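Coordinate analysis (summary)
Below are the chains, spelled out letter by letter.
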Amino acid sequence: MLTLTPEAKDKLRSLIAAEADPQAGLRVQVVPGGCSGFEYDLSLSAPAEGDEVVEDGDVRVIVDRFSVPYLLGVQLDYEEGFQGAGFLINNPNASAACGCGKSFQA
């Protein structure tokens, strides 16, 4: 469904290690909103019933059923730079994105 770069895995590993719940992972959701129609919502949580769970070694990414079709083929990266740090989502399903890079059209 989605892949993680080595940088994303390293950051996730440290974030998950700091969580009290051993089942925690990075939840990636696509939600309606933003200026282009959809936006990403990232949080740490445990899987819920019906979620898809992608495990890559010792890191876990959790995706709800609604978001699955929008995240097929996605690459999740992590970048630290002059303007800040954060996860980057490279989505081949996005047909357009807004200037801020936080929302997309599918």
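Going by the structure above, here's the rest.
To start, this report covers the structure provided alongside it. Every value quoted in this text rests on a predicted model; they were computed, and no experiment measured them.

Scoring rules and cut-offs
Residues numbered from 1 in each chain as written. Predicted model: local features only at pLDDT ≥ 70, side-chain atom pairs only at ≥ 80, totals over all residues. Heavy atoms only, no water. Helix = DSSP H or I, 4+ residues; strand = E, 2+ residues; numbered from the N terminus. Buried < 20%, exposed > 50% of the residue type's maximum accessible area, 1.4 Å probe, protein only. Salt bridge = Lys/Arg side-chain N within 4 Å of Asp/Glu carboxyl O. Pairing = 2+ DSSP bridges. Polar contact = N/O pair within 3.5 Å; in protein donor to acceptor, adjacent residues only side chain to side chain.

Examining the environment of N93
- Topologically, N93 is positioned in the loop between β7 (84-90) and β8 (96-97).
- For N93, a relative accessible area of 29% puts it in the partly exposed group.
- Each C-alpha atom, one on N93 and one on L72, is 7.5 Å from the other, the two residues being 21 residues apart in sequence.

Things to note about the pattern of salt bridges
- One pass over the structure, following the stated rule, counts 5 salt bridges.
- Put simply, R13 and D10 hold a salt bridge, and the shortest N to O gap is 2.8 Å. One end of the pair is R13 and the other is D10, both in helix α1 (residues 6-17) and 3 residues apart, which spans about a single turn.
- Relative accessible area serves as the criterion here: at 48%, D10 is assigned to the partly exposed category.
- Residue E55 is joined to R60 by a salt bridge in which the shortest nitrogen-to-oxygen separation is 3.6 Å.
- When its relative accessible area of 14% is taken as the criterion, R60 is described as buried.

Details of the pairing of strand β5 (residues 59-63)
- Of all 5 residues in β5, 5 are buried, a share of seventy percent or more.
- The alternating pattern of β5 places V59, V61 and V63 on one face and R60 and I62 on the opposite face, and all of these are buried.
- Taken together, the 2 bridges between strand β2 (residues 25-32) and β5 define a ladder with parallel strand orientation. What sits directly across from L26, in β5, is V61.
- As judged from the 5 bridges shared by strand β4 (residues 52-56) and β5, these two strands associate in the antiparallel manner. Note that in β5 the partner of E52 across the bridge is V63.
- Where β4 hands over to β5, the hairpin turn is made up of 2 residues, of which G57 adopts a positive phi near 70°.

Some points on the side chain of N91
- One can find N91 in the loop between β7 and β8.
- The buried category is assigned to N91, whose relative accessible area is 12%.
- A distance of 2.9 Å separates the side chain of N91 from the side chain of Y40, its partner in a polar contact.
- In terms of polar contacts, N91 uses its side chain to reach the backbone carbonyl oxygen of Y70, at 2.9 Å.

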